[in-house]
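Each chain, letter by letter, is given below.
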Amino acid sequence: QVQVVESGGGSVQAGGSLRLSCAASGRTFSRYTMAWFRQAPGKEREFVVVIRWSDGNTYYGDSVKGRFTFSRDYAKNTVYLEMNSMKPEDTAVYYCAARPEGSYLPRQPEDYNYWGQGTQVTVSS
């Protein structure tokens, strides 16, 4: 069983930056695929980025490509989402998710087994 806990949400003005963290407890992230999703009020959960822990292979959603960076820290068993050049449309609850590693990088919420509680990110114009 993997528990994931997000942190680092908050409020920022448009053009600013925030960094989200996702830490694991219960077992390590090795041989897991990690992803960030976000959900704005009244909208479906949206894919943001996915990373395969073992080789660092990463895929970004079109809405964040070039602005967000996903990274991992082996020693701390933590993944990070660095968000730059933020826009009001980035406002959402951000969720970290995990699943056992496979040969592809899933981008649908239903493909993930473990979820964090979510952290609010608000970008003001």
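Residues numbered from 1 in each chain as written. Predicted model: local features only at pLDDT ≥ 70, side-chain atom pairs only at ≥ 80, totals over all residues. Heavy atoms only, no water.

> Before we move on, can you summarise the pattern of salt bridges with the specific residues and values?
In the structure shown here, the tally under the stated rule is 6 salt bridges. In this structure, Lys 65 and Asp 62 form a salt bridge, with 3.2 Å as the shortest nitrogen-oxygen distance. With relative accessibility at 65%, the residue Asp 62 sits in the exposed group. Residue Asp 90 pairs with Arg 67 through a salt bridge whose shortest N-O separation is 2.8 Å. In this pair, Asp 90 sits in the loop between strand 8 (78-83) and strand 9 (92-100) while Arg 67 sits in the loop between strand 6 (58-60) and strand 7 (68-73), placing the two residues 23 residues apart along the sequence. Since its relative accessible area comes to 0%, Asp 90 is described here as buried. Arg 67 sits in the buried class, given a relative accessible area of 11%. Bridged by salt links that share partners, the residues Arg 38, Glu 46, Arg 67 and Asp 90 form one connected network. (Salt bridge = Lys/Arg side-chain N within 4 Å of Asp/Glu carboxyl O. Buried < 20%, exposed > 50% of the residue type's maximum accessible area, 1.4 Å probe, protein only. Helix = DSSP H or I, 4+ residues; strand = E, 2+ residues; numbered from the N terminus.)

> Describe the side chain of Arg 38, naming the residues involved and giving the relevant values.
With respect to the helices and strands, Arg 38 occurs in strand 4 (residues 32-39). Take Arg 38: its relative accessible area is 5%, and that puts it in the buried class. A polar contact of 3.2 Å, which involves the side chain of Arg 38, links it to the side chain of Ser 63. (Polar contact = N/O pair within 3.5 Å; in protein donor to acceptor, adjacent residues only side chain to side chain.)

> Tell me about the sheet that holds strand 7, and please be specific about residues and values.
Spatially, 1-3-8-7 is the arrangement adopted by the 4 strands of the open sheet, whose pairing is antiparallel. For this open sheet the edge positions go to strand 1 (3-7) and strand 7, each flanked by a neighbour on one side alone. Mean inter-strand twist for the sheet, computed between neighbouring axes without regard to direction, equals 20°. Bridge analysis of strand 1 against strand 3 (residues 18-25) gives 5 bridges, and the strand direction is antiparallel. Counterpart to Val 4 in the pairing with strand 3 is Ala 24. (Pairing = 2+ DSSP bridges. Axes fitted to C-alpha atoms, helices over the stretch in contact; angles between N-to-C directions.)

> Which residues make up the pairing of strand 4, and what values do they have?
A large share of strand 4 lies buried, amounting to 7 of its 8 residues. Across 8 bridges, the pairing between strand 4 and strand 9 is antiparallel. Counted as the bridge partner of Gln 39 is Val 93 from strand 9. Alignment of strand 4 against strand 5 (residues 46-52), held across 6 bridges, turns out to be antiparallel. Bridge pairing links Arg 38 to Glu 46 in strand 5. Hairpin connection, strand 4 to strand 5: the antiparallel pair is bridged by 6 residues, and Gly 42 has positive phi, about 75°.

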